[in-house]
Amino acid sequence: MNTIIKVKNISKSYSRGLLALDNVSLKVNQGKVLVIMGPSGSGKSTLIRTFNGLETFDAGEIEILGIKINQNYNERRIQKIRKRVGMVFQQFNLFPHLCILDNITLAPLNVQKRSRVEAEEYGMYLLSQMGISMHAEKYPSQLSGGEQQRVAIARTLALKPELLLFDEPTSALDPERINEVLDVMRKLAQDGMTMVVVTHEINFAKEVSDQILFMDSGKVIETSTPDIFFSNAKHERSRKFLNQLDK
Amino acid sequence: MHKLLSGIAFLSLLISGCSSSYQKDTSRLDLIKKRGELICGVSGQIAGFSFLDNDGKYKGLDVDICKAFAAGIVGDAKKLQYRPLTATERFTAIKTGEIDVLSRNTTFTLSRDSTGGNGLSFAPIVFYDSQGIMVKKESNIKNIQDLKNKSICVGSGTTTEQNINDVFESKAIPYNPIKYQDASQVSASYLQGRCSAMTSDRSQLASARSGFPNPAGHIILEDVLSKEPLSPASDGTDNKLADALRWIIFTLITAEEKGITKENIDEKVKLAKNNPQLKSLRRFLGVDGGLGEKIGLRNDFTINVIKATGNYGEIYERNLGENSDVTLSRNSNKLYINGGLHFSPPFN
Amino acid sequence: MYLKKINKNFKKFREILLLNSLNNFLTIILVFAIFITFLQTFNWLIVNSKWTAVTTNIPLFVFGTFPEDQRWRPFIWIMSLLTICFLSIVPPKWKWLRKNLLIAWIGMIPLGIFLLYGGFGIQTVMSRNFGGLTLTILLTVCSSMFALPIGIGLAFCRQSSLFVVKKLSSIYIDSMRAVPLIAVLFFGQLLIPLFLPLGLEIDSVWRAIFAFTLFVSAYIAEDIRGGLQAIPHTQIESAKSLGLNHLQIIRFILIPQSLRIALPALTNQVIGLFQNTSLMSILGLVELLGIGRSILANPKFIGQYIEVYIWLASVYWIICTLLALMAKYLEKRLKIA
Amino acid sequence: MMRYKRFFLQLIIILLFIGLVGILINNLIINLIRTDLGFNFYWLLKPASFALSEHALPFSPSDSYAWALLIGWINSLKVILFSLIFSTILGIIIGLSRTSKNILIKKISSFYITFIRQTPLLLQLMFWYFVGFLGLKNKFINFSNILKINTQGIEFFGLSLTPEFSALFIGLSVFTSAFIGEVIRGGIISVEKGQWESFRSLGLSERDGLIKVIIPQALPAIIPGLTSQYLNLAKNSTLAIAIGYSDIYAINDTIINQTGRAIECFIILLLTFLILNLSITNLMEKINKLINKKQIYIN
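Keep in mind that what you see is a predicted model, and the values were worked out from it rather than measured.

Procedures and definitions
The residue numbers shown here count from 1 along each chain, following its written sequence. As they are written, the chains are lettered A onward and the ligands numbered 1 onward, keeping that order. At least 70 in pLDDT is required for a residue's local features to be given in this predicted model, at least 80 for side-chain atom pairs to be given and counted, and no such filter applies to totals for whole chains, interfaces and linings, which use all residues. The side-chain numbers reported here are obtained from all heavy atoms of the structure, hydrogens and water having been left aside. A run of DSSP states H or I qualifies as a helix once it reaches four residues; a run of E qualifies as a strand once it reaches two. Both are numbered from the N-terminal end. Whether a residue is buried, partly exposed or exposed follows from its accessible area with a 1.4 Å probe, protein chains only, as a fraction of its type maximum: under 20%, in between, or over 50%, in that order. Whether two residues touch is decided by their heavy atoms; if any such pair falls within 4.5 Å, the residues are in contact. To be clear on the numbers: accessible area is Shrake-Rupley with a 1.4 Å probe, and residue cover counts the displayed protein chains and nothing else. Positive charges come from Lys and Arg, negative ones from Asp and Glu, while His and the chain ends are left out of the count. Throughout, a charge is located at the NZ atom of Lys, the CZ atom of Arg, the CG atom of Asp or the CD atom of Glu. Values of the radius of gyration come from C-alpha atoms, whereas the globule rule sets the reference at 2.2 Å times the count of residues to the power 0.38. By buried area we mean the combined loss of accessible area, with a 1.4 Å probe, across both parts when two parts are placed together. Throughout this description, a polar contact denotes any pair of N or O atoms lying within 3.5 Å of each other; where both atoms belong to protein, one of them has to be capable of donating a hydrogen while the other can accept it, and for residues adjacent in sequence the pair is counted only when both atoms sit in side chains. By the convention adopted, Pro, Cys, Tyr, Trp, Phe, Met, Ile, Leu, Val and Ala count as nonpolar, Lys, Arg, Asp and Glu as charged, and the other residues, Gly among them, as polar. For a helix, the expected span equals 1.5 Å multiplied by the number of residues minus one. The quantity called bend is, for any residue, the angle between two axes fitted respectively to the seven residues ending at it and the seven beginning at it. When DSSP locates at least two bridges between a pair of strands, those strands are taken to pair. For helices, the axis comes from a line fit to the C-alpha atoms of the stretch in contact; other axes are also lines fit to C-alpha atoms, and the angle between any two N-to-C directions lies between 0 and 180 degrees. For this analysis, a ring pair means two rings from Phe, Tyr or Trp (six-membered ring only for Trp) whose centres lie within 6.5 Å, classed as stacked if their planes differ by under 30 degrees, edge-to-face if by over 60, and tilted for the remaining angles. Geometric relationships in this document are graded by angle, where less than 35 degrees denotes roughly parallel, more than 145 denotes roughly antiparallel, 65 to 115 denotes roughly perpendicular, and other angles denote oblique. By convention, the crossing between two helices is left-handed when the near helix turns anticlockwise from the far helix through less than a right angle, and right-handed when the turn is clockwise.

S.K.: Let's hear about the overall build of chain C: which residues, and what values?
M.R.: Tallying secondary structure elements over chain C gives 15 helices and 0 strands in all. Looking at chain C as a whole, 52% of its 337 residues qualify as buried. Excluding contacts between residues fewer than 6 apart, the proportion of contacts in chain C whose partners are at least 24 apart in sequence is 74%. Surface accessibility of chain C: about 16200 Å² in total, with carbon and sulfur atoms responsible for 72%. Positive and negative charge centroids in chain C, built from 29 and 12 side chains respectively, lie 13 Å apart.

S.K.: Can you lay out the overall build of chain A for me, pointing to particular residues and giving the numbers?
M.R.: When its secondary structure is counted, chain A shows 9 helices and 10 strands. Its C-alpha atoms give chain A a radius of gyration of 18 Å, within 12% of the compact-globule value 18 Å for 247 residues. Based on the C-alpha atoms only, the size of chain A along its principal axes is roughly 50 × 45 × 40 Å. Put simply, chain A has 247 residues, and 55% of those count as buried. For chain A, long-range pairs separated by at least 24 residues make up 64% of all intrachain contacts whose partners lie at least 6 apart in sequence. About 11100 Å² of surface is accessible on chain A, with carbon and sulfur atoms providing 43% of the total. Separation of charge centres in chain A, based on 32 positive and 28 negative side chains, amounts to 6 Å.

S.K.: Residues and numbers for the interface of chain C and chain D, please.
M.R.: Contacts between the two partners involve 52 residues from chain C, matched on the other side by 46 residues from chain D. Taking both sides of the interface into account, the surface hidden between chain C and chain D amounts to around 4400 Å²; carbon and sulfur atoms contribute 76%. The three residues of chain C that bury the most area against chain D are Leu194, Phe195 and Tyr309 of chain C, which together make up 15% of that side's buried surface. Summed over the shared surface of chain C and chain D, the result is 10 residue pairs in polar contact (both at pLDDT 80 or more). Residue assignment for the side of chain C that touches chain D shows that the elements contributing at least two residues are α1 (2–17), α2 (21–48), α9 (163–178), α10 (181–195), α13 (246–276), α14 (288–297) and α15 (305–336) of chain C. By residue number, the principal contributor to the side of chain C that touches chain D is α15 of chain C, which donates 11 residues. For the side of chain C that touches chain D, the per-class residue count stands at 42 nonpolar, 8 polar and 2 charged.

S.K.: Can you tell me about helix α7 (residues 206–236) of chain D, naming the residues and giving the values?
M.R.: For α7 of chain D, built from 31 residues, the straight-helix expectation of 45 Å at 1.5 Å per residue is missed by more than 12%, its first-to-last C-alpha distance being only 36 Å. Taking the largest bend as the criterion, α7 of chain D deviates by roughly 50°, centred on Leu219 of chain D, and proline Pro220 of chain D comes between one and four positions later.

S.K.: I'd love a proper account of the arrangement of the chains, names of residues and values included.
M.R.: By contact count, the leading pair among the 4 pairs of chains in contact is chains C and D. Where chain A comes nearest to chain D, the C-alpha atoms are still 10 Å apart, and the two do not contact one another.

S.K.: An account of the sheet that holds strand β7 (residues 163–167) of chain A is needed here, citing residue identities and associated values.
M.R.: Residues and elements named next belong to chain A. If you trace the 6 strands from one edge of the open sheet to the other, you get β6-β7-β8-β3-β9-β10, paired in mixed fashion. Taken across any chain shown, the strands that pair with only one partner, and hence form the sheet edges, are β6 (85–88) and β10 (219–224). For this sheet, the mean inter-axis angle between neighbouring strands, taken without regard to orientation, is 15°. The sheet contact formed by strand β3 (residues 33–37) and strand β9 (residues 211–216) spans 4 bridges and is parallel. Looking at the pairing, Met37 lines up with Phe214 of β9.

S.K.: Tell me about the packing of aromatic side chains, and please be specific about residues and values.
M.R.: Counted under the stated rule, the structure contains 46 aromatic pairs over all chains. Between the aromatic rings of Phe186 of chain C and Tyr249 of chain D, the centroid separation amounts to 6.2 Å while the plane-to-plane angle is 90°, which identifies the pairing as edge-to-face. Within this pair, whereas Phe186 of chain C is found in helix α10, its partner Tyr249 of chain D is found in helix α8 (residues 248–259), the two belonging to separate chains. Consider the rings of Phe82 of chain D and Phe165 of chain D, whose centres lie 5.3 Å apart with planes at 90°: the pair is edge-to-face. Taken as a pair, Phe82 of chain D in helix α2 (residues 65–98) and Phe165 of chain D in helix α5 (residues 163–190) lie far apart in primary sequence, 83 residues in all.

S.K.: Describe in detail the sheet that holds strand β4 (residues 58–59) of chain B, supporting the description with residues and values.
M.R.: Consider a sheet: its strands pair through backbone hydrogen bonds, and that pairing is either parallel or antiparallel. Residues and elements named next belong to chain B. Strand order across the open sheet formed by 3 strands is β2-β3-β4, with antiparallel pairing between neighbours. Strand pairing shows two members of the sheet lacking a second neighbour, β2 (45–46) and β4, which therefore form its edges. The pairing of strand β3 (residues 50–52) with β4 spans 2 bridges and is antiparallel. Residue pairing in the sheet places Leu52 in a bridge with Tyr58 of β4.

S.K.: An account of the packing of α2 of chain D against helix α3 (residues 103–117) of chain D is requested, with residue identities and associated values reported.
M.R.: Residues and elements named next belong to chain D. Packing of α2 against α3 leaves a shortest axis separation of 8 Å and a crossing angle of 125°. Looking at the two axes, α2 sits oblique to α3. Like other packed secondary-structure pairs, α2 and α3 cross with a definite hand, here left-handed. Between α2 and α3, the contacting residues are Leu90, Ile94, Ser97 and Arg98 on the first element and Ile105, Lys106, Ser109, Ser110, Tyr112 and Ile113 on the second. The residue inventory of the contact of α2 with α3, partitioned by class, reads 5 nonpolar, 3 polar and 2 charged.

S.K.: Can you break down unusual backbone geometry residue by residue, with the values?
M.R.: For residues other than glycine, phi is negative in most cases, and the peptide bonds are mostly trans. All names here are of chain B. With phi around 45°, Asn105 is a residue other than glycine that occupies positive phi space. By secondary structure assignment, the location of Asn105 is in the loop between β6 (101–102) and α5 (110–113). Taking relative accessible area as the criterion, Asn105 reaches 8% and is therefore assigned buried. Positive phi, normally seen in glycine, also occurs at Asn331, with a value near 40°.

Below, the structure is given as structure tokens:
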């Protein structure tokens, strides 16, 4: 089985001496779903953003799809990674000046240099998969949050990525819109996509994930399967966190 | 202060020393011929001299002089571009080559002519003028003394401004100069009562008065503030062009002297060609002598010039004479044989 | 019943106009002042005004001293500009035309230069003969079209991480914004020739365009910088994570978005530029105001200041208002997009 | 590796820049020699030999060019200062009128703003001067010796102003006030709606609420806009030349005309404006700081 992500002892500190990441290591195999949980400010977002070079780190090494990066920022390698890894953000981050279809085809056309016909065809296919093909000509501001997030997922899928990163994809959505996005993510997981998801959605984590990573203050507190984590967490800190979420 | 100034001067000398290997270029005259077109700087704001008529064409004495230059140098009075210039721009425009020749009511003075001053070269005088003062009849102002502590409208940055200052200062009469950029603004604000008097060249005063609603209500005072010989100018470092301009003006004057006009020029040419004994006419019209080539023009340049504009008298009549809008009597601007000042050296 | 209705209407009227005693007073005074002004203006229009300076010179106001038999050329150009303005406001259904609108806009400059200067089969006309509204429009269109890319470039340079680039562009922008426009135009008209090697001459219209471009680009740069700062950082992050490189992010994300945000400010720049071309009348070009001054110098029209000024003011006002309306419409459309 | 690359890139840019400037200066020097213009500042000490109608300090034509420039500079400052004060007052009135509930006032002020902003300042100045003042002829306004307005200018409590100054002053003030009005309106709008509702619910009068609640909060948004309008006002004052007022630019123009020293005069003009700009910006920054300090205390 192929290892997609291999993180070895990475650390990152902010200028004030606070540690954002403290000696974090992890591994994700192909087709697996890793869910990262933890209270806010625990470094989950920082961690996931190091995977495609949006954040730098001070020590350690990351290997993504066989490409190694370390504390020395290497533009070319990071660019290689970004071409093969998709990322979905909390705030959707669609481009407001482009219509939906143009949002989706921007990267395939300019990064992968595909033909316009091919890119648009594939974009329309993805939109219909997401159930929003009727909005192709509209602009992001005319769509609801759930629809926008599905467009954002389609936009990353258009590059045919080998790994998907989700940074709290549902926390900016209205409660009734959350499921339309989670359904899409479930389907992706079933199709065998390798995913790393930062989320607070317990049900989603229980159902879909193969592994749960619990973080606090930049440290990895616990790594276990969802069954164990939710029923019988090893660590005191994890149990406290779960209790609070239940309330 | 002095130290700073001399410091800057020293620095500039130092820099200029580095590029002294510079060489003088060919004459602008050749450039004009090559271009096939003359660029003439005019005012565009003075009736009778140069102003924009309803049909969008410039007219006036200064404009006709431009035409004569174009006809003489390029051979066609239509191969001519006008560039309306403000008083401030005019000398820099010559120096930078923006225009070839300036024909814009410019007074011939030493400092403008000298290399230490504006570094121009003046063609012969095309209009003998003098500076005067115009007041309203009803104001009862009779002479300069009456203008004590009064406002006087004047065009800024002109010799007019300096002359009025010299005269009033020497007579210790305090006055209040109100300065404008355009000649038209000077007369407008005088007319509207901003100033008790306006000063300018007398020709311009007359030309302005002709356009006033009640010309008879304004008088030009007897006092003459200065001599104002108006003449076209070109770059002072370019003798070849200056020569050509000079003799084109003389052509206009000589033509009047010899009685050659726009109408009879063809006859005169025929006459000169058929009569070898008319030596001076033959030389003047370029049949003999090859005079034109000596100043870098075609031998028959005089014919082109006269055909384009007529002689000096015709130009004057057309723009300033009895039948024009301005009606200014010729006085000093007659030929010397008629008691005026215009005189041309011989075409030998 | 009827009375009640009147009373109700009156109350409404009072609510709108007369809120309290101070407002009462103000309203009455204002109504009175407006009435007087109207009466005076009307009286003047009927009795005293003479419009010959305007009416006999309309072609001069529009085309300046452009040769009479060639006036169709600037006319065609102005008309095509109007058409393209119209097309930008009310975009046509055809997608190909919409996509090529930008190219058409850029094409307006070579078209205008070709039509005005001539050559390639039509009679050449030197720029000294340009004047009136034609020259005003030429100055505005060319300067703004040149200043926009330069301004964008400067804005990015000012944000650059290279110290030298950042400092140079900051110095340029700040010092350009510190000097009066007329000084820059003066530089363009009188001093540029001194900085050029011998034999290289740029005609005065182009020097004016150059000076306007220098000046306006500094202001545009600051507007664009404001737009750039208003773009959320997450936009860049998401573009990065899609694998777009530095130049692609600038081209596809930053420039279009900052332009959209800065659009109101940019329109104001263009309107300001259009008005400021009138400064060239002090520096010897006979654009719209300059031609007005030349006409006032003609002895036939002396003293018709008010009429000429009112006429010029209304021409400027109409065109500027049209520009402003156009921009408002565009803004509204871009808000959804 | 990266750092070297960046260093060399910057070095190349600097060299290119210096090269370009060098070529231009070289051209300039060649041209100055060719046209015998030269470059020095000695002429500043020569007598100006032109008179000025408007001077705050004693001036006669035998005074030096440098002194004439100073006079011009004082004239500029005078008109800038007057217009700055008057345009601010007018601008505040316009800005508040635009937020007024009286529809008539609102419409008039918005018409005023669009009309003034949509016509060139130069044209407005000429209108004020040639039509506004010179067109008055004998019909002049006279309020019992307190305020007189006629062809000879404005007389206000014995302070007489020339028509050139008055036209420039009024033209600049009117023009700038339209822009200041917009700045003020923008500032007032930037205050949250809740603030209006809350002071009204506290029973404060509309005027008290505006002065004590809204304006202090709007000021931080107003000051930067106001600064740039003041800077524009200072720059626009150079249009004085069109209506015969002897400001710094007009005097520079006359001197260039007399001496042909275009480059030197231009340098002087630029330097003076840089100084003026810096002083206005600094002053406004101090005001800004003062306001911010006060705000902290309030908070």
